[in-house]
Amino acid sequence: MSSSDIFIGEIIGTAVLILLGGGVVAAVVLKRSKAQNAGWLAITFGWGFAVMTAVYMTGTLSGAHLNPAVTVGIALKDGDWSNVPVYFAGQMLGAMLGAALVWVAYYGQFHAHLTDQEIISSPHEEGMVDQKSAPKAGPVLGVFSTGPEIRNVWQNLATEIIGTVVLVLAVLTQGLNDSGKGLGVIGALITAFVVVSIGLSLGGPTGYAINPARDLGPRIVHALLPLPNKGGSDWGYAWIPVVGPLVGGAIAAGIYNIAFA
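Just so we're clear, the structure is a prediction, and the values are computed from it rather than from any experiment.

Q: Looking at this structure, I do not really get the overall build of the protein chain. What am I missing?
A: Broken down by element type, the protein chain carries eleven helices and zero strands. Ordered by position in the sequence, the α and β elements of the protein chain form the string α-α-α-α-α-α-α-α-α-α-α. For the protein chain, buried positions account for 50% of its 261 residues. Across the protein chain, every contact between residues at least 6 apart in sequence was considered, and the portion connecting residues at least 24 apart equals 77%. For the protein chain, the accessible surface area stands at approximately 11200 Å², while carbon and sulfur atoms represent 67% of it.

Q: Would you explain the environment of W235 in this entry?
A: You can see W235 is positioned in the loop between α10 (212-224) and α11 (240-259). W235 sits in the partly exposed class, given a relative accessible area of 44%. Along the primary structure W235 and A223 are separated by twelve residues, whereas in three dimensions their C-alpha atoms are 9.7 Å apart. Every residue in contact with W235, bar those within four places of it in the chain, is listed here: L216, R219, I220 and A223.

Q: How should I be thinking about helix α3 (residues 68-78) in this particular structure?
A: An α-helix turns once per 3.6 residues; consequently, residues spaced three or four apart project the same way. Counting buried positions over the eleven residues of α3 gives eight, a clear majority of the element. Two residues or fewer after α3 comes G79, characterised by a positive phi angle close to 75 degrees.

Q: Explain the packing of helix α8 (residues 153-174) against α11 here, please?
A: Axis angle and axis distance: for two packed helices, these are the angle between their axes and the distance between the axes, and together they describe the pair. The geometry of α8 relative to α11 is characterised by a closest axis approach of 7 Å and an angle of 45 degrees between their N-to-C directions. Considering the angle they form, α8 stands oblique to α11. Pair α8 / α11 crosses with right-handed handedness. Contacts between α8 and α11 pair V153, N156, L157, E160, I161, T164, V165, V168, L169, L172 and T173 from the former with I240, V243, G244, P245, V247, G248, G249, I251, A252, A253, I255 and Y256 from the latter. A breakdown of the residues in the contact of α8 with α11 according to their chemical character gives 16 nonpolar, six polar and one charged.

Q: Looking at this structure, how should I read unusual backbone geometry?
A: Among all residues except glycine, the phi angle is most often negative; among peptide bonds, the trans geometry is most common. Notably, N37 is not glycine yet its phi reads approximately 70 degrees, a positive angle. The phi torsion at A64 lies on the positive side, around 55 degrees, for a residue other than glycine. Summarising the element assignment, A64 is placed in the loop between α2 (40-62) and α3.

The rules we used
Residues numbered from 1 in each chain as written. Predicted model: local features only at pLDDT ≥ 70, side-chain atom pairs only at ≥ 80, totals over all residues. Heavy atoms only, no water. Helix = DSSP H or I, 4+ residues; strand = E, 2+ residues; numbered from the N terminus. Buried < 20%, exposed > 50% of the residue type's maximum accessible area, 1.4 Å probe, protein only. Contact = heavy atoms within 4.5 Å. Areas by Shrake-Rupley, 256 points an atom, 1.4 Å probe, with all protein chains shown as cover. Axes fitted to C-alpha atoms, helices over the stretch in contact; angles between N-to-C directions. Parallel < 35°, antiparallel > 145°, perpendicular 65-115°, else oblique. Left-handed = near helix turned anticlockwise from the far one by under 90°. Nonpolar A, V, L, I, M, F, W, Y, C, P; charged D, E, K, R; others polar.

Structure (structure tokens):
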């Protein structure tokens, strides 16, 4: 795989991942959406199908890492870091592009939601349980990035690490396909169901970022978009869904090298 193939593949794949993953969250939480209040099952399966679609689409182009934690895990497994910066750059740009496309697709719903007096005057905003210790967050931040239900640094960090270990270890133990160009067709489906499983089992505390680009790229877009009454982007929490998954990816690679290599 050339550097240009990796870069383009990761942009396309991560953009599709965030478009469909962020899109299902928008569909469930925004007013005037036909899927409003569809619930957590819809979100977890929506993210799983987003992973499957993105991996199918770009697996033979870039290997479909679509996640810096996966890239770190594979680099530690193989000992090859030469293309890691290219992967990271493509993933971040793709994540930002995908988040911007969610805004375009749900433009009217964002406006209807964020100008609704019941929403903007609510004393208890989405994703915030302890209002005394938590910064003010807008009612649509969860469309773009994750946030904890209970704000506890060590627990939030541990949850992201644990979830990412499961994801990256599942990817590493599937291995690459025979051509060396990424997960095969069955691998994409298995990875999608792993993501659904993580969401159902471990997603409750933090919203299971398990992907630094998935959280940081869209959070930047949230900060930049001209959304009325959007509130803050919760930068005080933003390091956890970046550091946690990267640590989780490294731990998964260590487990793989000890137990499976």
